[in-house]
Amino acid sequence: EPEVTQTPSHQVTQMGQEVILRCVPISNHLYFYWYRQILGQKVEFLVSFYNNEISEKSEIFDDQFSVERPDGSNFTLKIRSTKLEDSAMYFCARLEQTGVAFFGQGTRLTVV
Amino acid sequence: QQPVQSPQAVILREGEDAVINCSSSKALYSVHWYRQKHGEAPVFLMILLKGGEQKGHDKISASFNEKKQQSSLYLTASQLSYSGTYFCGTEGVFGNTGKLIFGQGTTLQVKP
């Protein structure tokens, strides 16, 4: 099954610290997404990124969040000053031409 | 506005059938169904585009009633491997952007 690779698989950070989550596509896609899933809850859309620009973002995606594709390959989500409520699984997803979104295996972020 | 799934939870014996419903208050372009096992990423099952088509593979099928803004996922002759949480993800009428709004999920447990 086509996937994207996410690193790290688990990140523990102290409240107030910055974290960078990475997503590495297996091929050159233009459309990427970040989703978040708090433990036991639904998957929530954060941001879509098309052709190296944000195309849409949700209310969750406030000024603490940013996305970029620094080297044209890796796709990163940065949280500048983490809060306890940022603890969640973060999934990167890419869009196939069929309109199907395939999710990476996720990064579990734990803020302590 | 997120779609509403019903039921919230289902417990089945192997070989029994189940139906999971997904209802939206907004006009939809597409409905996507995913299954998620505990601690893993959502895995794509199928996509239904507006047009009222029905799709299926193996013993899992789905329908999409565009007028009612509803989709149903049908699991027949359930297997132990069907256990997990099922999410529907919807795209609004200006869709094909890959941005999915997910329902709260339906937990399915298949017992021997």
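In what follows, the accompanying structure is described.

Rules behind the numbers
Residues numbered from 1 in each chain as written. Chains lettered and ligands numbered in written order. Predicted model: local features only at pLDDT ≥ 70, side-chain atom pairs only at ≥ 80, totals over all residues. Heavy atoms only, no water. Helix = DSSP H or I, 4+ residues; strand = E, 2+ residues; numbered from the N terminus. Buried < 20%, exposed > 50% of the residue type's maximum accessible area, 1.4 Å probe, protein only. Contact = heavy atoms within 4.5 Å. Areas by Shrake-Rupley, 256 points an atom, 1.4 Å probe, with all protein chains shown as cover. Lys, Arg positive; Asp, Glu negative; His and termini not counted. Charge placed at Lys NZ, Arg CZ, Asp CG, Glu CD. Pairing = 2+ DSSP bridges. Axes fitted to C-alpha atoms, helices over the stretch in contact; angles between N-to-C directions. Core = buried A, V, L, I, M, F, W, Y, C linked by side-chain atoms within 4.5 Å. Buried area = accessible area lost by both parts, 1.4 Å probe. Salt bridge = Lys/Arg side-chain N within 4 Å of Asp/Glu carboxyl O. Polar contact = N/O pair within 3.5 Å; in protein donor to acceptor, adjacent residues only side chain to side chain. Disulfide = S-S within 2.5 Å. Phe/Tyr/Trp six-rings, centres within 6.5 Å; stacked < 30°, edge-to-face > 60°.

**Notes on the overall build of chain B**
Along chain B, the regular secondary structure elements total zero helices and eleven strands. Moving toward the C terminus, one meets the helices and strands of chain B in the order β-β-β-β-β-β-β-β-β-β-β. Considered along the principal axes of its C-alpha atoms, chain B spans approximately 45 × 25 × 20 Å. When the 112 residues of chain B are sorted by exposure, 46% land in the buried category. For chain B, long-range pairs separated by at least 24 residues make up 56% of all intrachain contacts whose partners lie at least 6 apart in sequence. On chain B, roughly 5400 Å² of surface is accessible, and the fraction owed to carbon and sulfur atoms is 50%. The average position of the 11 basic charges and that of the 8 acidic charges among the side chains of chain B differ by 6 Å.

**Some details on the sheet that holds strand β1 (residues 4–7) of chain A**
All names here are of chain A. Pairing in this open sheet of four strands is antiparallel, and the strands run β1-β3-β8-β7 from one edge to the other. A single partner strand is all that each edge strand has here, and the edge strands are β1 and β7 (65–68). On average, each strand axis in the sheet is tilted by 20° relative to the strand beside it, whichever way the strands run. The pairing of β1 with strand β3 (residues 19–25) spans four bridges and is classified as antiparallel. Directly across from Thr5, in β3, lies its bridge partner Val24.

**Quick notes on the nonpolar core**
One finds Trp33, Met46, Leu73, Leu75, Tyr82, Tyr86 and Leu108 of chain B to be the most contacted residues of the largest nonpolar core, which totals 21 residues. If we ignore the near neighbours within four places in the chain, the residues touching Leu108 of chain B are Val10, Leu12, Ala18, Leu75, Tyr82, Ser83, Gly84 and Tyr86 of chain B. Core analysis: the next-biggest nonpolar cluster, separate from the first, contains 20 residues, Cys23, Phe32, Val47 and Cys92 of chain A among them.

**Here's the deal with the interface of chain B and chain A**
Each partner contributes residues to the interface: chain B has 20 residues there, and chain A has 21 residues. Buried area between chain B and chain A, summed over both chains or domains, comes out near 1600 Å², and the portion from carbon and sulfur atoms is 61%. Between Lys99 of chain B and Glu56 of chain A there is a salt bridge, with its nearest N and O atoms 2.7 Å apart. Our enumeration of links across chain B and chain A arrives at five residue pairs in polar contact (both at pLDDT 80 or more).

**Description of the side chain of Thr106 of chain B**
All names here are of chain B. For Thr106, the location among the structural elements is in strand β11 (residues 106–111). Separated by 3.2 Å, the side chains of Thr106 and Gln5 make a polar contact. The contacts of Thr106, once residues within four sequence positions are left out, are Gln5, Ser6, Pro7, Gln8, Ala9, Val10, Ile20, Gly84, Thr85 and Tyr86.

**Re unusual backbone geometry**
In this chain, Thr7 of chain A is followed by Pro8 of chain A through a cis amide linkage whose omega measures -10°. Within the secondary structure layout, Pro8 of chain A lies in the loop between β1 and β2 (10–13). Omega for the bond connecting Ser6 of chain B with Pro7 of chain B falls within 30 degrees of zero, at -5°, which places this linkage in the cis form. Here Gln69 of chain B, not a glycine, exhibits a phi torsion of approximately 55°, which is positive.

**Notes on the pattern of salt bridges**
With the rule as written, the count across this model stands at three salt bridges over all chains. Residues Arg36 of chain A and Glu44 of chain A are paired through a salt bridge, measuring 3.3 Å at the closest nitrogen-oxygen approach.

**A closer look at the state of the cysteines**
Note on terminology: disulfide describes a covalent bond linking the sulfur atoms of two cysteines. For the coordinates displayed, the defined rule picks out two disulfides over all chains. Bridging Cys23 of chain A to Cys92 of chain A, the disulfide has an S-S length of 1.9 Å. Measuring the twist about the S-S bond at about -60°, one finds the Cys23 of chain A-Cys92 of chain A disulfide to be left-handed. Placement of the pair is Cys23 of chain A in strand β3 and Cys92 of chain A in strand β9 (residues 88–95), with a sequence separation of 69 residues. The disulfide partner of Cys22 of chain B is Cys88 of chain B, and the gap between their sulfur atoms is 2.0 Å. The sign of the 70° torsion about the S-S bond sets the Cys22 of chain B-Cys88 of chain B disulfide as right-handed.

**Overview of the packing of aromatic side chains**
Inspection of the entire model under this criterion finds 17 aromatic pairs over all chains. Residues Tyr35 of chain A and Phe45 of chain A carry aromatic rings whose centres are separated by 5.7 Å and whose planes lie at 70° to one another, so their mutual orientation is edge-to-face. Here Tyr35 of chain A, found in strand β4 (residues 31–37), pairs with Phe45 of chain A, found in strand β5 (residues 43–50); they are ten residues apart in sequence, far enough to count as distant. Between Phe103 of chain A and Tyr34 of chain B, the ring centres sit 5.3 Å apart and the planes meet at 85°, which makes this aromatic pair edge-to-face. Separated into two different chains, Phe103 of chain A in strand β10 (residues 101–103) and Tyr34 of chain B in strand β4 (residues 28–36) make up a pair that spans both. Residues Phe103 of chain A and Tyr34 of chain B agree in their burial class; the two are buried.

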